[in-house]
Amino acid sequence: MTTARASRALPHPARDEIRLEGVLHALSDPMRLRIVRELAADDDELSCSQFVLPVTKSTTTHHFRVLRESGVIRQIYRGTAKMNGLRRDDLDALFPGLLDALLGAAARQSARLGEG
């Protein structure tokens, strides 16, 4: 691996380092939950630019970093794009049913409040 490529690698917690309280904290923010819902609905990697969030670019970057550092998402560079994927396998292995329950609850809340 070249030095330039290695410097673009982003740190992620290993599966055994992911903590429930970190995941719950990451998902407690409406913007971060929105990102996770979009990733879950697409079931593929999405670039940061594919998300249209009503916050500044620096705030968006912060939200992605919190999700990555908590172990909820994996971010990798593909060329110049930073791609984001949900770490569903890791989360389901550690906390069976948690992600589906949270996504279902978020969808029900969104419907109840008349949100997209």
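Here the structure is a predicted model, which is why all the values come from computation and not from measurement. (Residues numbered from 1 in each chain as written. Predicted model: local features only at pLDDT ≥ 70, side-chain atom pairs only at ≥ 80, totals over all residues. Heavy atoms only, no water.)

(A) Fine view of the pairing of strand β3 (residues 81-86). By the bridge criterion, 2 bridges tie strand β1 (residues 46-47) to β3 in an arrangement that is antiparallel. Directly across from Ser 47, in β3, lies its bridge partner Met 83. As judged from the 6 bridges shared by strand β2 (residues 73-78) and β3, these two strands associate in the antiparallel manner. Paired with Arg 74 across the strands is Gly 85, a residue of β3. Once β2 ends, the chain turns through 2 residues before running back antiparallel as β3, passing Gly 79 with a positive phi of about 65°. (Pairing = 2+ DSSP bridges. Helix = DSSP H or I, 4+ residues; strand = E, 2+ residues; numbered from the N terminus.)

(B) Spotlight on the nonpolar core. In this structure, Val 36, Leu 67, Val 72 and Leu 86 are the most contacted members of the largest nonpolar core, which totals 24 residues. Where this core is concerned, the elements lending two or more residues are α2 (20-27), α3 (30-42), α4 (57-70) and α6 (98-113). Examining the composition of this core, we find that 6 residues originate from one element, α3, more than from any other. The contact partners of Leu 67, leaving out residues within four places of it in the chain, are Ala 26, Leu 27, Arg 32, Ile 35, Val 36, Val 72 and Ile 73. (Core = buried A, V, L, I, M, F, W, Y, C linked by side-chain atoms within 4.5 Å. Buried < 20%, exposed > 50% of the residue type's maximum accessible area, 1.4 Å probe, protein only. Contact = heavy atoms within 4.5 Å.)

(C) The pattern of salt bridges, seen in detail. All told, the structure shown has 8 salt bridges when counted by the stated rule. Residues Arg 34 and Glu 38 are paired through a salt bridge, measuring 3.8 Å at the closest nitrogen-oxygen approach. Of this pair, Arg 34 and Glu 38 both sit in helix α3, 4 residues apart, which is roughly one turn of that helix. Overall, Arg 34 belongs to the partly exposed group, its relative accessible area being 32%. With its nearest N and O atoms 2.9 Å apart, the salt bridge here joins Arg 78 to Glu 45. Here Arg 78 is found in strand β2, whereas its partner Glu 45 is found in the loop between α3 and β1, with 33 residues between them in sequence. (Salt bridge = Lys/Arg side-chain N within 4 Å of Asp/Glu carboxyl O.)

These values are about where atoms sit, not about what they do.
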